[in-house]
Structure formats: structure tokens, C-alpha cells
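If you want the building blocks of each chain, they are given just below.
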Amino acid sequence: MGIDDSLIGPPKLTRFEIARIAGSRALQLSLGAPPLIDVSGINIIDPIAIALKELYEGVLPITIRRMRPDGTSQLIPVRKLLPEAREFIRRTLESWSLY
């Protein structure tokens, strides 16, 4: 187990990983964790929207664990997978009129 240059799975965050990251971070925010982005200039109070905005901006210090079929796993920093997933996150924020 460790951070490796060759990736398991797609070279971007899957929609399931995005949902898991946003949901986990939204729970932290709803329990009182401070936002990692400046929310004073935007009219967002929804923790899920703030979590997606944080993910879009790449400020979340999160690592994804992807499992191999043999039971070993690979740790991949979100920042490494984020560039390919930004368009999906941007479209989601636009559909909520938050981008």
C-alpha cells in the first residue's frame, strides 16, 4: 500500500468518489468544521454545495484508496485525479446556479 505513479482505475475521480468525498466533507461542515474556502463572498449555506466548491478548487487534503483485485490497495491524492473531474463538478455547480 502506498502512493504510486501508475493508477488503478480511471485517471479521474469517478462520480461515486465525488459523491463520497462531497458527502463526507458536507457532514464535517454540518457538524461545525470551518470551510476551507472563503464563503463570505458567495451566497452558499448548503454544506454539500460548499463541499463541492472546496473539491472543485482543490483545497481538500484527501487521499482516495482504490483496491486491486488481489486485495492490495493504492492511495491516490485527490489533487492528482481532480483535473479530469473538474468539468463534471463545474457542471454540477452550474446546474445548482452556484458556479
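Provided above is the structure to which this section pertains.
The text that follows walks through the structure, step by step, so that each part is easy to find. Small disclaimer: the values here were computed from a predicted structure and weren't measured.

1. Quick notes on the nonpolar core
Grouped together as the largest cluster of nonpolar side chains are 22 residues, with contacts concentrated most on L13, I18, I21, L55 and I89. Those elements that provide at least two residues to this core are α1 (15-30), α2 (47-57) and α3 (78-95). In this view, I89 contacts I18, L52, L55, Y56 and L82; residues no more than four positions away in its chain are not counted.

2. So, α3
A bend of about 65 degrees at E84 is the largest found in α3. For α3, the full list of buried residues reads V78, L81, L82, A85, I89, R90, T92 and L93. Contacts from the buried residues of α3 go to α1, α2, β1 (63-67) and β2 (73-77). S97 sits one or two positions beyond α3 and adopts a positive phi of about 60 degrees.

3. A closer look at the pattern of salt bridges
Scanning the entire structure with this criterion turns up five salt bridges. As a salt-bridge pair, R25 and E54 come within 2.6 Å of each other at their nearest N and O atoms. You can see R25 sitting in helix α1 and its partner E54 sitting in helix α2, a full 29 residues away along the chain. Exposure class is identical for R25 and E54. Each is buried. One salt bridge connects E87 with R90, and the closest N-O pair in it is separated by 2.4 Å. With E87 and R90 both in helix α3, this residue pair falls three residues apart, about one helical turn. For E87, a relative accessible area of 37% corresponds to the partly exposed category. On the basis of relative accessibility, which here comes to 19%, the residue R90 falls in the buried class.

The rules we used
Residues numbered from 1 in each chain as written. Predicted model: local features only at pLDDT ≥ 70, side-chain atom pairs only at ≥ 80, totals over all residues. Heavy atoms only, no water. Core = buried A, V, L, I, M, F, W, Y, C linked by side-chain atoms within 4.5 Å. Buried < 20%, exposed > 50% of the residue type's maximum accessible area, 1.4 Å probe, protein only. Helix = DSSP H or I, 4+ residues; strand = E, 2+ residues; numbered from the N terminus. Contact = heavy atoms within 4.5 Å. Bend = angle between axes of the 7 residues up to and from the residue. Salt bridge = Lys/Arg side-chain N within 4 Å of Asp/Glu carboxyl O.

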